[in-house]
Amino acid sequence: MSNNTIAERTVRTQWFNEARFGMFIHWGLYAIPARGEWVRNREKTPHEEYLRYFDEFTAAEYNPREWAALAKKAGMKYAVLTAKHHDGFCLWDTKLTDFKSTNTPAKRDLVKEYLEAFREAGIKVGLYFSLLDWRHPDYPHYGDRCHPLREDPAQGNENRNFDRYIEFMHGQIRELLTGYGKLDIMWFDYSYGEMQGEKWKAQSLMEMVRSLQPHIIVDNRLEGSGGETAGTILTANPSFYSGDFHSPEQMIPPAGVRSESGDPVPWEACITLNNHWGYCASDHHWKNAEMVVKMLVECVSKNGNLLLNVGPDAKGRIPHASVKILEEVGRWMSNNGEGIYGCGLSAFGKPEWGRFTQKGNRLYAHIYESQVGGLCLYGMAGKIEKLRLLADGSEVKLTNHWNLQQYPEHAFFFLNPESGDNYPLPDPVDTVVEITLKK
Ligand code: GLC
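Cut-offs applied
Residues numbered from 1 in each chain as written. Predicted model: local features only at pLDDT ≥ 70, side-chain atom pairs only at ≥ 80, totals over all residues. Heavy atoms only, no water. Helix = DSSP H or I, 4+ residues; strand = E, 2+ residues; numbered from the N terminus. Expected span 1.5 Å × (residues − 1). Buried < 20%, exposed > 50% of the residue type's maximum accessible area, 1.4 Å probe, protein only. Contact = heavy atoms within 4.5 Å. Polar contact = N/O pair within 3.5 Å; in protein donor to acceptor, adjacent residues only side chain to side chain. Arc of directions from axis to C-beta. Phe/Tyr/Trp six-rings, centres within 6.5 Å; stacked < 30°, edge-to-face > 60°. Lys NZ or Arg CZ within 6 Å of the ring centre and 35° of its normal. Pairing = 2+ DSSP bridges. Axes fitted to C-alpha atoms, helices over the stretch in contact; angles between N-to-C directions. Right-handed = clockwise from strand over helix to strand, strands pointing away. Parallel < 35°, antiparallel > 145°, perpendicular 65-115°, else oblique. Nonpolar A, V, L, I, M, F, W, Y, C, P; charged D, E, K, R; others polar. Near = heavy atom within 4 Å. Left-handed = near helix turned anticlockwise from the far one by under 90°.

Student: Which residues make up helix 9 (residues 289–301), and what values go with them?
Tutor: Under the 1.5 Å per step criterion, the end-to-end length of helix 9 is 18 Å for 13 residues, consistent within 8% with the ideal 18 Å. The buried fraction of helix 9 is high, at 10 of 13 residues. Where helix 9 is buried, its residues meet strand 1 (21–25), strand 6 (268–272), strand 7 (305–310), helix 10 (320–336), strand 8 (354–359) and strand 9 (362–367). Capping of helix 9 at its N-terminal end is provided by Asn 288; its side-chain oxygen lies 3.2 Å from the backbone amide nitrogen of Glu 290. Of the residues flanking the end of helix 9, it is Asn 303, one or two places downstream, whose phi is positive at about 70°.

So, in structure tokens, the structure goes:
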């Protein structure tokens, strides 16, 4: 990828780097078995057996305006919906297969309704598209690493025409890029083993994507995945189809993300609220709101985004537990979003008591732990113009308390000046102090 293309990537991803927080939505037929979106793979389910869910899929309580309202309430600025997952079930009225939501009892173009609802809510819209398609007869079955029928010799690949599959796959992507208005993100998933790059005819695919929707940003999984490899996006010479952002999965990179040349690379950690992407009725291992806030702050403190997943149930409802968590996150975001949106890595490193995010000369101290004595801004003596508690704008004053005189190179403050201490913290999850630095 030439420098110019990296410069173009920087322009394309500016809104993304400011938005910082998005909603991932994994929904499809797999919500009926309710054992996660890889249920067919794990249980080696034959096509005919999986089809029984097709005739049950009603989307009876699907109301994407409610989804959009929740995302907005949580402070999310963009969303990504699975238009098609690995099972091949299409949530839009594709002309290239009958395995689609408009042919189920739902009889609805779920993608169209999602896009309309989220745009109406002022939320940028993305679509996830699976490069794998376990339903398609020309996709490798026997011996493939992931196919549900990978161990069945009767599912040999002699009569499968992969070029015909690629034509089908590109055709479906063209449908989404031409039939549904302006999309902000195309989230491809995923490459593995030899199934990567030009195996997907990625060059011609990206030429099509860039010509049809030049502004759109694309993840790195035409070459990579959330695990084995990021593809060439982190190398000194990213390919034309290396994507606009790196997509670490179910983890947050230890030190943010830079290329081999040391250039910052846009990145987004995609993380589930429990332990499943698709709805799993038995999975009650929910991350609480505090953990979500701290994941988001960690991502932003390392110049990255958090794409947080919800997995609606068979009827189209976001699980109640997810709703409660996102509403609580939203309450924190309503007070402290300025310390997230448009913020990124701070030159001040990580403080003992929490994290920093920064936007120009505004440094945001995310305080997780009280400190006995004044709260220490290490090495920042003489660098601070003023401090304000972000939630209510109240003044926070620096202190030169008698027991701090021996540390003149640092700056200290009390959140509770009357009692001369910092506990209890005003916000037990994350108390944010906005520090205006002297220019
Ligand atoms: C992994 C999972 C896939 C999920 C994706 C989200 O690739 O296998 O099911 O959609 O992560 O990043």
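Text resumes after the structure shown.
Student: Mind laying out helix 4 (residues 47–54), listing which residues take part and the relevant values?
Tutor: Within helix 4, burial applies to His 47, Tyr 50, Tyr 53 and Phe 54. On an axial view of helix 4, the arc spanned by its buried residues comes to 115°, and they lie on one face. Contact partners of the buried residues in helix 4: helix 3 (39–43).

Student: Before we move on, could you go through the packing of aromatic side chains and cite the residues and values that matter?
Tutor: What the rule picks out here adds up to 30 aromatic pairs. On the basis of an interplanar angle of 20° and a centroid distance of 5.9 Å, the ring pair of Tyr 128 and Trp 187 is categorised as stacked. In this pair, Tyr 128 is assigned in strand 3 (residues 124–130) and Trp 187 in strand 4 (residues 185–189), connecting sequence segments 59 residues apart. By relative accessible area, Tyr 128 is classed as buried at 1%. An aromatic cluster is present here, built from Trp 27, Phe 54, Phe 57, Tyr 62, Trp 67, Phe 89 and Phe 99 joined pairwise through their rings. Across the ring face of Phe 99, the terminal group of Arg 135 is positioned such that the distance to the ring centre comes to 4.8 Å. The lysine or arginine in question, Lys 199, covers the ring of Phe 162, its NZ or CZ lying 4.8 Å from the ring centre.

Student: How would you explain the environment of Gly 231 if you had to name every residue and give the values?
Tutor: Within the secondary structure, Gly 231 sits in the loop between strand 5 (217–218) and strand 6. In the structure, Gly 231 is positioned 34 residues away from Gly 197 in sequence and 8.7 Å away in space, judged by C-alpha atoms. When near neighbours in sequence (up to four residues on either side) are disregarded, Gly 231 contacts Glu 223 and Gly 224.

Student: Give me the lowdown on the sheet that holds strand 11 (residues 384–389), citing residues and values where you can.
Tutor: Pairing is antiparallel across the open sheet formed by 5 strands, whose spatial order is 8-9-14-11-12. Taken across any chain shown, the strands that pair with only one partner, and hence form the sheet edges, are strand 8 and strand 12 (395–396). Here strand 9 pairs with strand 14 (residues 431–437) via 6 bridges, running antiparallel. The partner of Tyr 364 across the bridge, within strand 14, is Glu 434.

Student: Tell me about the sheet that holds strand 2 (residues 78–84), and please be specific about residues and values.
Tutor: What the 7 strands build is an open sheet, ordered 5-4-3-2-1-7-6; its pairing is parallel. On the outer flanks of this sheet lie strand 5 and strand 6, each paired with one strand and no other. Strand direction decides the pairing type here: strand 2 and strand 3, joined by 6 bridges, are parallel. By the bridge assignment, Val 80 is partnered in strand 3 with Gly 126. Contacts from helix 6 (residues 110–120) reach strand 1, strand 2 and strand 3 within the one sheet, and its direction differs from that of strand 3 by about 155°.

Student: Which residues make up the pairing of strand 6, and what are the values?
Tutor: In terms of burial, strand 6 is a largely internal element, 5 of the 5 residues being buried. Of the two faces of strand 6, the one carrying Glu 268, Cys 270 and Thr 272 and the one carrying Ala 269 and Ile 271 are both buried. With 5 bridges joining them, strand 6 and strand 7 adopt parallel strand pairing. Its bridge partner being in strand 7, Ile 271 is matched across the sheet by Leu 308. Handedness of the crossover joining strand 6 and strand 7 through helix 9 is recorded here as right-handed.

Student: Tell me about the packing of helix 7 (residues 162–179) against helix 8 (residues 202–212), residues and numbers included.
Tutor: The interhelical angle for the contact between helix 7 and helix 8, taken along N-to-C directions, is 10°, at an axis separation of 10 Å. When the axes of helix 7 and helix 8 are compared, the pair comes out roughly parallel. Taken together, the residues of helix 8 that come into contact with helix 7 (itself represented by Met 169, His 170, Ile 173, Arg 174, Leu 177 and Thr 178) are Ser 204, Leu 205, Met 208, Val 209 and Leu 212. A breakdown of the residues in the contact of helix 7 with helix 8 according to their chemical character gives 7 nonpolar, 3 polar and 1 charged.

Student: Describe the site of the ligand, with residues and values.
Tutor: Among the 14 residues in the neighbourhood of the ligand, the closest are listed as His 26, Glu 37, Trp 38, His 85 and Glu 249. Taking His 85, its side chain carries an N or O atom lying 2.8 Å from an oxygen atom of the ligand. Between Glu 249 and the ligand, the recorded distance is 2.9 Å, taken from a side-chain N or O atom to an oxygen atom. In terms of residue class, the shell around the ligand is made up of 7 nonpolar, 3 polar and 4 charged.

Student: Give me the lowdown on the packing of helix 9 against helix 10, citing residues and values where you can.
Tutor: Helix packing geometry: the angle between the two helix axes and the distance between the axes. In contact at an axis separation of 9 Å, helix 9 and helix 10 are set at 55° when each is read in the N-to-C sense. As the angle between them shows, helix 9 and helix 10 are arranged oblique. Regarding helix 9 and helix 10, the two cross each other, and that crossing is right-handed. Here helix 9 contributes Ala 289, Val 292, Val 293, Leu 296 and Val 297 to the contact with helix 10, which in turn contributes Ile 325, Glu 328, Val 329, Trp 332 and Met 333. Of the residues that constitute the contact of helix 9 with helix 10, the class distribution is 9 nonpolar, no polar and 1 charged.

Everything listed here is a matter of geometry and, on its own, says nothing about what the molecule does.
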